[in-house]
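The primary structure of each chain is shown beneath.
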Amino acid sequence: MEKISGLVSTIIPVYNRSGMVGKAVDSVIAQTYRPIEIILVDDGSTDDTPKILDQLFAAHPDIIRVIHKENGGPGLAREAGRLIAKGEFIQYLDSDDWLLPQKFEFQVKALREHPECEIAYCRSKYVDEDSGKITEPSKETGIKREYLFPALL
């Protein structure tokens, strides 16, 4: 499949997270960067997640696609999404995480300015769901690395 230049495809594997996935989707829709697509992959959920994903699609059919598949784990769900992704860029997002609004803008700019790079990785922060308090960056994120591997191990 030919990729669409500049498009960021966000792949969100989901298993029994009907109460959380909406916030993840909202964080992608709130991106300052366009064009985007969101691929929601229901990994055989047994709760009302499939219904919620279909409602998200109905609300945003221009940017959301939904795959319903048998449970196989998040890796297979991500791969199912990747196989249909149309974007030049891929963003994997867990269904209980969300993105800050300028993430795509900053990362696409960085990749355009450094075509020798094939990945852009930015800061991660933990947020206390109850208080909303954001902690400092985690996992040594935000550090420029010449070689990402083996730092991710």
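None of the values given here were measured: they were computed from a predicted structure. (Residues numbered from 1 in each chain as written. Predicted model: local features only at pLDDT ≥ 70, side-chain atom pairs only at ≥ 80, totals over all residues. Heavy atoms only, no water.)

Further remarks concern the sheet that holds strand β1 (residues 4-14). Strand order in the open sheet made by the 4 strands is β3-β2-β1-β4, with parallel pairing throughout. Each end of this open sheet is capped by a strand with a single partner; those strands are β3 (64-69) and β4 (87-92). Neighbour to neighbour, the strand axes of the sheet diverge by 20° on average, direction disregarded. In this structure, strand β2 (residues 36-43) lies alongside β3, joined through 6 bridges in parallel fashion. Counterpart to Leu40 in the pairing with β3 is Val66. With respect to the sheet, helix α1 (residues 21-29) is in contact with β1, β2 and β3, its orientation differing from that of β2 by roughly 165°. Against the sheet, helix α2 (residues 49-59) touches β1, β2 and β3, its axis set at about 160° to β3. (Pairing = 2+ DSSP bridges. Helix = DSSP H or I, 4+ residues; strand = E, 2+ residues; numbered from the N terminus. Axes fitted to C-alpha atoms, helices over the stretch in contact; angles between N-to-C directions. Contact = heavy atoms within 4.5 Å.)

Tallying each qualifying case throughout the model produces 7 salt bridges. Close ionic contact of Arg17 with Asp96 constitutes a salt bridge, the shortest N to O distance being 3.5 Å. Of this pair, Arg17 sits in the loop between β1 and α1 while Asp96 sits in the loop between β4 and α4 (103-113), and the two are 79 residues apart along the sequence. With a relative accessible area of 28%, Asp96 lands in the partly exposed category. Two residues, Arg65 and Glu37, come together in a salt bridge whose shortest N-O distance is 2.8 Å. Taken together, the residues Arg65 in strand β3 and Glu37 in strand β2 connect sequence positions 28 residues apart. Of the residues examined, Arg65 reaches a relative accessible area of 24% and is grouped as partly exposed. (Salt bridge = Lys/Arg side-chain N within 4 Å of Asp/Glu carboxyl O. Buried < 20%, exposed > 50% of the residue type's maximum accessible area, 1.4 Å probe, protein only.)

Summed over the entire model, instances satisfying the criterion amount to 0 aromatic pairs. Over the face of the ring belonging to Trp98 we find Lys23, whose NZ or CZ atom lies 4.0 Å from the ring centre. (Phe/Tyr/Trp six-rings, centres within 6.5 Å; stacked < 30°, edge-to-face > 60°. Lys NZ or Arg CZ within 6 Å of the ring centre and 35° of its normal.)

With that settled, the discussion passes to α1. Considered for burial, the residues of α1 that qualify are Val21, Gly22, Ala24, Val25, Ser27 and Val28. Those residues of α1 that are buried lie in contact with β1, β2, α2, β3 and α4.

Looking now at α4. Because an α-helix completes one turn every 3.6 residues, residues spaced three or four positions apart along the sequence face the same direction. Restricting attention to buried positions, one finds in α4 the residues Lys103, Phe104, Gln107, Val108 and Leu111. Buried residues of α4, seen end-on, are gathered within an arc of 110° and therefore sit on one face of the element. Residues of α4 that are buried in the fold lie against β1, α1, β2 and β4. (Arc of directions from axis to C-beta.)

Quick look at the pairing of β1 now. Strand residues, when the strand is regular, have side chains that alternate between the two faces of the sheet. Across the 11 residues of β1, 9 count as buried, placing the element largely inside the fold. With 5 bridges connecting them, β1 and β4 associate as parallel partners. The partner of Ser9 across the bridge, within β4, is Ile90. In the sheet, β1 pairs with β2 via 7 bridges, with the strands oriented parallel. In the sheet register, Val14 faces β2, and the bridge partner there is Asp42. Tracing the backbone out of β1, into α1 and back to the parallel element β2 gives a crossover that is right-handed. (Right-handed = clockwise from strand over helix to strand, strands pointing away.)

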